[in-house]
Amino acid sequence: MSYEVKKQILDKIKEYDKIVIIRHFRPDGDAIGTSKGLQRLLQLSFPEKSVKVINHDYSDYIAFLGDEDEEISDEEYAESLVIVVDTGTLERVSNENARKGKEIIKIDHHEVDIPYGDIAWVEDWRAACAEMIVDFYLTFKDELKMDKLAATYLFTGMVTDSGRFRFSSVNGDSMRLAGALLDFGIDLESLYANLYLDEFDNVLAKAESTKMIKMTENGVAYIYISQEYQKEHGLSREDASNMVSLMNEIKGSIIWIAFIETEENIRVRLRSRFVPVIDIARQYRGGGHDRASGATVLNQEEVKALLAEADRVIKEFKENNTGWM
Ligand code: AMP
């Protein structure tokens, strides 16, 4: 079944001279890796076409993959095929001009109930959206071209969104697709150095922040990063957001949550193993994946209520399951 939609997408790409690739805002490695990987793949395969990646925000963390492209005119959008990648709903695009494209294709791996796009290819079991681009390449290998750079972009998407291939969404296909990319000679040592090494000051700041982690009765680990704390320690929004990963290796804590205070509201990042957190996120203006979701809460009462709900989920899981660890 997915062959049909992939073929439709390839035909559509062939029809257009101008293609614009757009991703979600607050980008992660998968959003950027998928966009730049698809761009490179299409540039190599169809050198006569203009293929741009245009967005309105960026990530320091993934900046080593290089810049995206300059904004274009409304007239150009009107002639372009817009491909939106790794973005569950159109509300989450980094570039609102997505809607100005002549046609929109959605390629995504989020669980969503609000569809969009003239053609939508959604595989929500995929560990990363980048997997879908590799699968697309392998399906039409005779017509498409990949190189080491494209493979590096796509591998970045796969390794980051799968938590270094450790999340439960990783399956044999993920490994086969990653293997196909490694055959292009990706420099893993350099890629991992860029992704996972941190400034000494940040390492010290993380050690200090670790002491702020708290635990609910049944084992929800959480951290609340106030605006004051962010200012005091010179943390960017991205640094503060990354604090969620301080909690991902605590035994017994199968849900962990970071609350990041902003001027407008409190951003919530939920992560889990064994149990889904997406239902909790959906109760608080959010969504995402089974075991990695985002949400927004408006005040301290909602923080408490969300934590109580997460605690209830863990309690129920622990009462009804044995031998999970
Ligand atoms: P985050 O913690 O923000 O990295 O979010 C985890 C995953 O959930 C990512 O794949 C996000 O794209 C997605 N996500 C975050 N916030 C929302 C939201 N409000 N609605 C739908 N998906 C979201």
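Everything discussed here concerns the structure shown above.
Worth saying up front: this structure is predicted, and the values here are computed from it rather than measured. (Residues numbered from 1 in each chain as written. Predicted model: local features only at pLDDT ≥ 70, side-chain atom pairs only at ≥ 80, totals over all residues. Heavy atoms only, no water.)

1. Focus on the side chain of aspartate 147
No. 1: Note on placement: aspartate 147 falls in the loop between helix H4 (129-139) and helix H5 (148-161).
No. 2: Under the relative-accessibility criterion, aspartate 147 is labelled buried at 18%.
No. 3: Reaching out from aspartate 147, the side chain makes a polar contact with the backbone nitrogen of leucine 149 at a distance of 3.2 Å.
No. 4: Of the polar contacts made by the side chain of aspartate 147, one reaches the backbone nitrogen of alanine 150; its length is 2.9 Å.
No. 5: Dropping the residues within four chain positions of it, aspartate 147 is found in contact with Arg40, Leu44 and Phe184. (Helix = DSSP H or I, 4+ residues; strand = E, 2+ residues; numbered from the N terminus. Buried < 20%, exposed > 50% of the residue type's maximum accessible area, 1.4 Å probe, protein only. Polar contact = N/O pair within 3.5 Å; in protein donor to acceptor, adjacent residues only side chain to side chain. Contact = heavy atoms within 4.5 Å.)

2. Describing the sheet that holds strand E11 (residues 292-297)
Note: strands within a sheet are paired through backbone hydrogen bonds, in either parallel or antiparallel orientation.
No. 1: In spatial order, the strands read E6-E7-E8-E9-E11-E10; together these six strands make up an open sheet with mixed pairing. Edge positions in the open sheet fall to strand E6 (214-215) and strand E10 (287-288), since each of these has one partner strand only.
No. 2: Against the sheet, helix H12 (residues 300-320) engages strand E7 (220-225), strand E8 (255-261), strand E9 (266-272) and E11, with an angle of about 170 degrees to E8. (Pairing = 2+ DSSP bridges. Axes fitted to C-alpha atoms, helices over the stretch in contact; angles between N-to-C directions.)

3. As for the environment of alanine 120
No. 1: Examined against the element boundaries, alanine 120 turns out to sit in strand E5 (residues 119-122).
No. 2: We classify alanine 120 as partly exposed; its relative accessible area is 40%.
No. 3: Remark: the alpha-carbon pair of alanine 120 and aspartate 108, spanning twelve residues in sequence, is separated by 8.1 Å.
No. 4: Sequence-distant contacts of alanine 120, that is, excluding residues within four places in its chain, are made with Val5 and Lys106.

4. Things to note about the nonpolar core
No. 1: Counting 50 residues, the largest nonpolar core has Ile9, Ile13, Ile19, Ile83, Ile107, Met158 and Leu181 as its most contacted members.
No. 2: Within the second largest apolar cluster, 23 residues are counted, among which are Val268, Val275, Tyr284 and Ala295. (Core = buried A, V, L, I, M, F, W, Y, C linked by side-chain atoms within 4.5 Å.)

5. Looking at the packing of aromatic side chains
No. 1: Under the criterion given, the structure shown has eleven aromatic pairs.
No. 2: Aromatic side chains phenylalanine 155 and phenylalanine 165 sit 5.7 Å apart centroid to centroid with 50 degrees between the ring planes, which places their arrangement in the tilted category. Here phenylalanine 165 lies in the loop between H5 and helix H6 (172-182) and phenylalanine 155 lies in helix H5, a separation of ten residues in the sequence. Take phenylalanine 155 and phenylalanine 165: they sit in the same class, and that class is buried.
No. 3: Judged by centre distance (5.9 Å) and plane angle (40 degrees), the ring pair of tyrosine 192 and tyrosine 196 falls under tilted. With tyrosine 192 and tyrosine 196 both in helix H7 (residues 188-196) and four residues apart, this pair spans about one turn of that helix.
No. 4: Among the residues examined, tyrosine 192 registers a relative accessible area of 29% and is labelled partly exposed.
No. 5: The structure contains a cluster of three or more aromatic residues connected by ring pairs, namely Tyr3, Trp121, Phe136 and Phe140.
No. 6: In this structure, arginine 164 packs its charged tip against the face of tyrosine 196, placed 3.5 Å from the ring centre. (Phe/Tyr/Trp six-rings, centres within 6.5 Å; stacked < 30°, edge-to-face > 60°. Lys NZ or Arg CZ within 6 Å of the ring centre and 35° of its normal.)

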